[in-house]
Amino acid sequence: MANTDPKKSILLVEDDADLVELVTHWLERDGYAARSVGDGQIALDGLAADPLPDLVLLDVMIPHVTGFDVLQKLRADARTREMPVVMMTSFSREKDIARGRELGATDYIVKPLMELDFLDRIARALGEQRAE
């Protein structure tokens, strides 16, 4: 389990309800506080208010505002510029991964997700170590 005292909060921006349920289960079991939204504009509206999450998990293909556009806006805002943002997407082409990194993604995880790798990468993005 990750060292999450107090609980680190994670905002999951994903429109696939089954994946939201699975990832939320993994995160909460690993000691994180997780909440989700299924739309890029709702994510941006929520991130404009306090409190900010400790990390954003961001799909690329989401309604209204793409994940790449959300990431670009987060990096342009002084309040969210340094916040860890992990892209979580089925876009696995090198040019998509490069674009995510160029826009400032902390990490880029390609679906399908593998639980232990996923949780290790979330912990790393938060500057934590997971216990075995």
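Residues numbered from 1 in each chain as written. Predicted model: local features only at pLDDT ≥ 70, side-chain atom pairs only at ≥ 80, totals over all residues. Heavy atoms only, no water.

Caption draft 1: Fine view of the sheet that holds strand β1 (residues 9–13). An order of β2-β1-β3-β4-β5 is seen for the 5 strands of this open sheet, with the pairing classed as parallel. Each end of this open sheet is capped by a strand with a single partner; those strands are β2 (33–37) and β5 (107–110). Across the sheet, the mean angle from the axis of one strand to that of its neighbour is 20°, orientation sign disregarded. Direction of pairing for β1 relative to strand β3 (residues 55–58): parallel, over a ladder of 4 bridges. Each bridged residue has a counterpart across the sheet, and for Leu-12 the counterpart in β3 is Leu-57. (Pairing = 2+ DSSP bridges. Helix = DSSP H or I, 4+ residues; strand = E, 2+ residues; numbered from the N terminus. Axes fitted to C-alpha atoms, helices over the stretch in contact; angles between N-to-C directions.)

Caption draft 2: Layout of the environment of Pro-51. Checked against the element boundaries, Pro-51 lands in the loop between α2 (40–47) and β3. We classify Pro-51 as exposed; its relative accessible area is 69%. In sequence terms Pro-51 and Ser-9 are 42 residues apart; their C-alpha atoms lie 9.8 Å from each other. (Buried < 20%, exposed > 50% of the residue type's maximum accessible area, 1.4 Å probe, protein only.)

Caption draft 3: Representation of helix α1 (residues 17–29) within the structure. Here α1 is 13 residues long and its end C-alpha atoms lie 18 Å apart, about the 18 Å a rise of 1.5 Å per residue gives. All buried positions along α1 are accounted for by Leu-19, Val-20, Val-23, Thr-24, Trp-26 and Leu-27. All buried residues of α1 fall inside an arc of 165° around its axis, so they share one side. Projecting away from the buried face of α1 at angles above 90 degrees are the exposed residues Ala-17, Asp-18 and Glu-21. (Expected span 1.5 Å × (residues − 1). Arc of directions from axis to C-beta.)

Caption draft 4: Region of interest: the pairing of β3. Side chains Leu-55 and Leu-57 of β3 all project onto a buried face; the interleaved residues Val-56 and Leu-58 project onto the opposite face, where all are buried too. The pairing of β3 with strand β4 (residues 85–89) spans 3 bridges and is parallel. Its bridge partner lying in β4, Leu-58 is registered against Met-87. For the handedness criterion, the β-α-β arrangement of β3, helix α3 (residues 67–76) and β4 is classed as right-handed. (Right-handed = clockwise from strand over helix to strand, strands pointing away.)

Caption draft 5: Fine view of a negative patch on the surface. Together, Asp-15, Asp-16, Asp-18 and Glu-21 line one region of the surface with negative charge. The residue Asp-15 is located in the loop between β1 and α1 in this model. (Patch = residues over 30% accessible without salt bridge, like charges linked within 9 Å, V, L, I, M, F, W, Y side chains within 5 Å. Areas by Shrake-Rupley, 256 points an atom, 1.4 Å probe, with all protein chains shown as cover. Salt bridge = Lys/Arg side-chain N within 4 Å of Asp/Glu carboxyl O. Lys, Arg positive; Asp, Glu negative; His and termini not counted. Charge placed at Lys NZ, Arg CZ, Asp CG, Glu CD.)

Caption draft 6: Structural detail: the pattern of salt bridges. Inspection of every chain in the model, using the stated rule, returns 7 salt bridges. The salt bridge involving Glu-115 is made with Arg-29; its shortest N-O contact spans 1.9 Å. Of this pair, Glu-115 sits in helix α5 (residues 115–125) while Arg-29 is found in helix α1, placing the two residues 86 residues apart along the sequence. A relative accessible area of 26% places Glu-115 in the partly exposed class. For Asp-107, the salt bridge is made with Arg-101, and the minimal N-O distance between the two is 3.7 Å. On the basis of relative accessibility, which here comes to 42%, the residue Arg-101 falls in the partly exposed class.

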